[in-house]
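Descriptive structure summary
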Amino acid sequence: MAAENVLGEFLKARRARVPAARADLPTSTRRRVAGLRRDELARLAGISEPYLTRLEQGVDQNPSPQVLRSLARALELDADTSTYLYSLANPDPERRPETAVSEDVHQLLDMWSHTPAYVRNRRFDVLAANKWARALAPMYEPGHNLARDMFLDPTTRDLFPDWPLIAAQTAAALRAEADPRDARTAQLIADLETDADFRALWAQHDARPSRDELKRFAHPVVGDLAVRRQALTVGGSEDQVIIVYQAAPGSSSEAALARLV
């Protein structure tokens, strides 16, 4: 995630994922590259190949909105990944200062009875958690990093029956939300790339923020449970996100959450 040419690396990785056949281009058994060649992407996007070369090499890092829209269309990007592309070309000039979790937010977490909830920053460091979250998984203890535990802690893999799906969501959310200019983020990515699963997912350049999705746990004490994840931004501290897990009313998962503590 080297900050100096994130845009160029993204463009190269994503054009490798677009089959020439799907882009209505002639195919050949002698093709030497996966996906689109540079000249093919340039043609589809309606820009010159030399200009695309400058973008991929990091010589030009400020394409116009029109060029970005054309590239997003040619690369078949979805809405989330298109938003990520735009953010690479127009990064926030001012890095938000990291703030501590307020006492009001701490109180809010503790008020949610039988509802696991925690606060993380956009680097996926856990900043605060209520007792239900801490009982649900060790990775929700303040001081842990969710991405690090997901890929580098073997016990975490046993916690999620759908680990490949959750791991892919984690990598995509980290790319979408973390600041590539942040030195601690760069070190985190370097550490994570020692894991083969993370390297494979990271190389796909998927970008998708955390969503309200169903998540299954194989808890060692209360057994299997499924909860709906909600992601809420903390007002006034946009670098912080509250994650809340809720079970369906009257379900066995709700009963399992009640037995956590």
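Going by the structure above, here's the rest.
Report follows, based on the coordinates. (Residues numbered from 1 in each chain as written. Predicted model: local features only at pLDDT ≥ 70, side-chain atom pairs only at ≥ 80, totals over all residues. Heavy atoms only, no water.)

1. Details of the sheet that holds strand E4 (residues 223-234)
Keep this limit in mind: Only strands that DSSP links by at least two bridges are regarded as paired with each other. Only runs of H or I of at least four residues qualify as helices and only runs of E of at least two qualify as strands under DSSP, and these elements are numbered from the N terminus. With axes taken as lines fitted to C-alpha atoms, and helix axes fitted only over the stretch in contact, angles between N-to-C directions fall between 0 and 180 degrees. Should any heavy atoms of two residues lie within 4.5 Å, those residues are considered in contact.
Strand order across the open sheet formed by five strands is E2-E1-E5-E4-E3, with antiparallel pairing between neighbours. Two strands lie at the open edges of the sheet, namely strand E2 (126-129) and strand E3 (214-219), each paired on one side alone. Each strand axis lies, on average, 30° off the axis of its neighbour in the sheet, ignoring direction. Strand direction decides the pairing type here: strand E1 (residues 117-121) and E2, joined by three bridges, are antiparallel. In the sheet register, Val119 faces E2, and the bridge partner there is Ala128. Strand contacts of helix H6 (residues 103-111): E1, E2, E4 and strand E5 (237-246), with the helix running at about 145° to E1, the strand carrying the most contacts.

2. Observations concerning empty space enclosed by the protein
The probe, sized like a water molecule, is rolled over the atoms to show the empty space still left. Threshold: Only protein atoms enter the 1 Å grid used here. Points where a 1.4 Å probe fits but cannot escape make up a cavity, open sets with protein on both sides within 12 Å along at least five of seven lines make up a pocket, and a residue lines them when an atom lies within 4 Å of a point. Grid points are joined across faces, edges and corners, and a volume is the space filled by probe spheres set on the points. Amino acids are sorted into nonpolar (Ala, Val, Leu, Ile, Met, Phe, Trp, Tyr, Cys and Pro), charged (Asp, Glu, Lys and Arg) and polar (every other residue, Gly among them).
Taken as a whole and assessed by the stated rule, the structure comprises one cavity of 30 Å³ or more. In terms of lining, the largest cavity is formed by 16 residues, of which the most central are Tyr118, Phe124, Thr170, Lys215 and Arg229. Of the residues that constitute the lining of the largest cavity, the class distribution is 10 nonpolar, three polar and three charged.

3. Structural notes on the packing of aromatic side chains
Two numbers describe a pair of aromatic rings. These are the distance of the centres and the angle of the planes. Stated precisely, the cut-off is as follows: In this scheme Phe, Tyr and Trp rings, the latter by its six-membered ring, pair at centre separations within 6.5 Å, and the angle between planes marks the pair as stacked below 30 degrees, edge-to-face above 60, and tilted otherwise. Between buried and exposed lies partly exposed: a residue is buried under 20% and exposed over 50% of the maximum accessible area for its type, with that area taken using a 1.4 Å probe on protein chains only.
Tallied over the entire structure, the rule returns nine aromatic pairs. Look at Phe151 and Phe198: their rings are 5.1 Å apart centre to centre, the planes differ by 80°, and that puts the pair in the edge-to-face class. Taken as a pair, Phe151 in helix H8 (residues 146-152) and Phe198 in helix H12 (residues 196-203) lie far apart in primary sequence, 47 residues in all. What makes Phe198 buried here is its relative accessible area of 0%. Pairing Phe160 with Phe217 gives two aromatic rings, centres 5.1 Å apart and planes at 50°, and the pair type is tilted. A residue pair is termed long-range when its members are at least 10 positions apart, and Phe160 in the loop between helix H9 (154-159) and helix H10 (163-177) and Phe217 in strand E3 qualify at 57 residues. By relative accessible area, Phe217 is classed as buried at 1%. One aromatic cluster is present, built from ring pairs that chain together Tyr118, Tyr140, Phe160, Phe217 and Tyr245.

4. Re the pattern of salt bridges
Our working definition: What makes a salt bridge here is a side-chain nitrogen of Lys or Arg within 4 Å of a carboxyl oxygen of Asp or Glu, nothing more.
According to the stated counting rule, one finds 22 salt bridges in the structure shown. Measuring nitrogen to oxygen at the nearest pair gives 3.1 Å for the salt bridge that ties Arg37 to Glu40. Within the structure, one salt-bridge network assembled from shared partners comprises Asp80, Arg208, Arg211, Glu213 and Arg229.

5. Concerning unusual backbone geometry
Even without glycine at this site, His114 takes up a positive phi of about 60°. Along the chain, His114 turns up in the loop between H6 and E1. Overall, His114 belongs to the partly exposed group, its relative accessible area being 37%. Within the chain, Phe124 stands out as a residue other than glycine whose phi angle is a positive 75°. With respect to the secondary-structure elements, Phe124 resides in the loop between E1 and E2. Under the relative-accessibility criterion, Phe124 is labelled buried at 4%.

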